[in-house]
Every structure is written in structure tokens, then in C-alpha cells.
Amino acid sequence: RPSTMPFAQLDSVIGEATEIAVRFRDAGFRTYLVGGVVRDLWLDREIAHHIDLDLTTDATPDDIRRIVDPVADAVWLQGARFGTVGVRLGERDYEITTHRSEVYVETSRKPAVRFSTAIDEDLSRRDFTINAMAVELPDGELIDPFGGVADLAAGRLRTPLDPEVSFTDDPLRMLRAARFCAGYGLVVDPRVEEAMEGMHDRLRIVSVERIRDELDKLLAVADPTTGLSLLARTGLLREVLPEFDLALLESREEALVVLGPDEHHRLAALLFGLDHDVVRERLRALRASNERIRETLAILDAAAELATGVVQDPASLRRWVAAAGEERHRARALVSALVEGGDVLASRSRELEDGLVEDLADLSPPLTGEEVMAVLDLREGPQVGEALDFVRTLRLDQGPLSPEEAVRHLRAWWEDRSRR
Ligand code: ATP
Ligand code: MG
């Protein structure tokens, strides 16, 4: 292990894995720490406790299971058909995967290059050189056949093999490129960008769920700007969000940074200004959950309303809050970041809210339908609905009322209405 590398956390990560690594070695197999964790170790990003560690090995899933069973706190076999066994050891979860080359014997495409070792071949099939490094266990030797460390140092995103071949094998990698550029401050290699530009429509063969999850991961990095503009330049953004173009994107970039790394909030910010129905259809096309669709539309509708300037006094504030609920906070941030003069509107509505003593989480009418019917001596019918609307509006206009006050107002309204 080159001592110049800033692998500050390597010893502790290796330490955790030593027990199983030794078991594999004693059984005649090799294991390697692989993928994003090696990259993050090199960058000395914190390897949090809840992060799964990826290991790769020349052992088959059956062997993996046999080797880990006696010491594992839990074992997951759902992925075994695809070569992956999940293992919990103490606090840490591992995903142990048989080298890809050993599982997929009949891959669609024979690699053009022959590799001398199984680990090199496994790494060659990974998405980018920075993710195509391994650390051999238990001694910690770095395996970096494609120059991932040099690329990290130079701030470069490249594919291990030819980018066209790589993106043909899995077009989702084109979206992943954007996430890694933005998340790690990398500049995409010109040949990679060229391939993305030439192949953007291949994304159509990728499942919508994978695309959406990857877009979310891009939107969750601290500053997604460079990734999004890479997607826009290469035509990929149009595949994901067809309503979008570069100009629109540029008008949102600053706001995305201000809003912070909440991917739901940021996607809402990208969609702000589109028709309610267009937004709903876009989210459906992305197979967003019903909960997320509801939440996003609530943010956007509340933002659109706030942006008109109607929230001016306690009554209009309560009406706005009654519709927006908890999403009002994200709506405010959105208006403040995206609308000209929006910061004034947002702070005015917040000051109004802070000035109220009542609980805005409960804007329910002071009387139930049954109580309204009893007070007015009504049977079910359209008049009950009308009376309930009156009581609901009364609460929003006047703030909290006791049932007695509400009854008084209701009676007066009813008499007045009967006279008309
Ligand atoms: P993160 O830190 O966000 O989890 P990661 O690099 O660990 O990033 P994962 O999606 O967890 O990304 O994948 C783990 C590793 O598996 C990657 O580092 C890469 O080596 C490989 N990998 C993941 N997805 C692909 C893909 N679509 N094509 C090729 N290799 C991939
Ligand atoms: Mg990972």
C-alpha cells in the first residue's frame, strides 16, 4: 500500500472486515473491498457506519454462504441468483458479490480486452475509473488497473474501457456520470461527453425506476449544477424531463443550491412554473409514489398561490395554510428562491404566521356536520354542506372560536339567508 495515500480510515475498515477476509483466504479464495467505498476512502470522505460495504470475491454464492454462515449475525440470499450475498457482521452490512466475470459466463458482449486476473476483469466492467478500484483484503493492497487514483487527483471522469461500449452495456451510466461530476467536482472526459451526446436516446431502454432513483441521487448532491448542465448539453435531460431546456435550467441553478440537498424539493423547483397537470403527468411518467406526487403538487400549488401576493392578512394566511399544510415551508423557500420579489412575499407570510397565537395545524371547523344539523334542525341535504362551508370559512376568517360563538354566528347567518 503506497504510504502517500490519504487512506486515513482504511485500517479501521479493513479491521472490521479482517475476520471474514481471513476465512475466505483460509478457504482458498480472495476478497476485495470494491467500488464507491474505495473511492471515498481515497478522498477521505467519512465512511459512515450505516453504509454497506461492497466486497467482491472469486468464491461463488454457495461458497460465500458456507464461509460466512458460522460468523454472520444475519445473511440475505435474495440477491444470490445475481451473485450477491448480504451479510451482517456486528454493526456493518456487507454485500459480497462474486466477480461479475465468473457469474455471467454468457454475457452479450465479450470484452475486447483480456484481463490477466478476475479482479481486473471485474473492475473493467464498472462504470467509471474512480469506481473501478479495489483494496485486497486483509492486507490492504490497492488494485487500480485503470488509473482511478490519478483521475481523482486530476478531477477527471473516465470509463475504464471505451465509453461507447460501456454505455451500450448500461445506458444508465450516462446519468451516473452527471452525479459523479457534480458530487465529486470532476470534469467529464471529452470522449465520455461525446458518447453521451451521441447515445442519449439509449436511455429509453432503461427502466423508469432506475432513471428516477439516479436523478434523485443527482439532486441530492450539495451542488448539482455541473451534473445537470452536463445532462442538458448532451440531450439527456430531455430524455428525463422533456419539458426542460438549458435556458430554463440556468434560471434554476442558483435556487437549487439555496434550497439544499432535498431531492423532492429540488425536483419541485425544476418543475415550478409548469401547469399542475403537466407536473402530475411528468411525475407519473417517472413512477413517483402517490405520496410524492401529492407532496410535490402541494408545494407547487402553494408556491404559485403565494407568488400571486394574496397572502396579506391573517384570514388570507389561514386560507393559504389550510390548503398548503406542512408543505407551506418548502413553498415559501421556493418562492423566495425563484420568484422576483418572492423573498418579500415569503417573509411577510412568515411574519404573519409568527404573529398568530393559534395552532395552524388545526384549522378544522369549530362545529361538526352533526352539530350544524342539530343547531339548524336540518336533515341531510345540500343546505348542510352550505352551512358547513360557512362554518369552515368562519374559522379561517376569524381564527379560533368557541362552539358557542360559532353557533351564534351560524344562527345569524341562517336567519339572514332565510330572509333573502
Ligand atoms: P454511492 O457512494 O453513492 O453509493 P457508489 O459508487 O457506491 O456510490 P453504487 O450505486 O452504490 O455507487 O454502486 C457501487 C459500485 O458498483 C460502484 O462504485 C461501481 O463500481 C459499481 N456500479 C454501480 N452501478 C453500476 C453500473 N450501472 N454500471 C457499472 N458499475 C456500476
Ligand atoms: Mg454505494
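This text goes with the structure placed above it.
Below: a short report on this structure. (Residues numbered from 1 in each chain as written. Chains lettered and ligands numbered in written order. Predicted model: local features only at pLDDT ≥ 70, side-chain atom pairs only at ≥ 80, totals over all residues. Heavy atoms only, no water.)

With that out of the way, let us pick up the pairing of strand 6 (residues 134-137). Of the two faces of strand 6, the one lined by Ala-134 and Glu-136 and the one lined by Val-135 and Leu-137 are each fully buried. As defined by bridge partners, strand 1 (residues 31-34) adjoins strand 6 across four bridges and the pair is classed as antiparallel. Residue pairing in the sheet places Thr-31 in a bridge with Leu-137 of strand 6. Once strand 6 ends, the chain turns through three residues before running back antiparallel as strand 7 (residues 141-143), passing Gly-140 with a positive phi of about 90 degrees. (Buried < 20%, exposed > 50% of the residue type's maximum accessible area, 1.4 Å probe, protein only. Helix = DSSP H or I, 4+ residues; strand = E, 2+ residues; numbered from the N terminus. Pairing = 2+ DSSP bridges.)

Take the site of ligand 1 next. Around ligand 1, a shell composed of 14 residues is seen, among which Arg-39, Asn-131, Asp-170, Arg-173 and Arg-179 lie nearest. Here Gly-36 contributes a backbone N or O atom positioned 3.0 Å from an oxygen atom of ligand 1. In this structure, an oxygen atom belonging to ligand 1 sits 3.1 Å away from a side-chain N or O atom of Arg-176. Contact with the protein chains hides 73% of the accessible area of ligand 1, taken as 590 Å² for the molecule alone. When residues of the shell around ligand 1 are traced back to their parent elements, those giving at least two are helix 2 (36-42) and helix 8 (172-184). Examining the composition of the shell around ligand 1, we find that four residues originate from one element, helix 8, more than from any other. (Near = heavy atom within 4 Å. Polar contact = N/O pair within 3.5 Å; in protein donor to acceptor, adjacent residues only side chain to side chain. Areas by Shrake-Rupley, 256 points an atom, 1.4 Å probe, with all protein chains shown as cover.)

This next bit is on helix 9 (residues 190-199). Listing the buried residues of helix 9 in full gives Val-192, Glu-193, Ala-195, Met-196 and Met-199. Each buried residue of helix 9 lies within a common arc of 160 degrees when the element is viewed along its axis, so the set occupies one face. Facing away from the buried side of helix 9, by more than 90 degrees, are the exposed residues Pro-190, Glu-194 and Gly-198. You can read the cap of helix 9 off the contacts: a side-chain oxygen lies 3.0 Å from the backbone nitrogen of Arg-191, and it is on Asp-189. (Arc of directions from axis to C-beta.)

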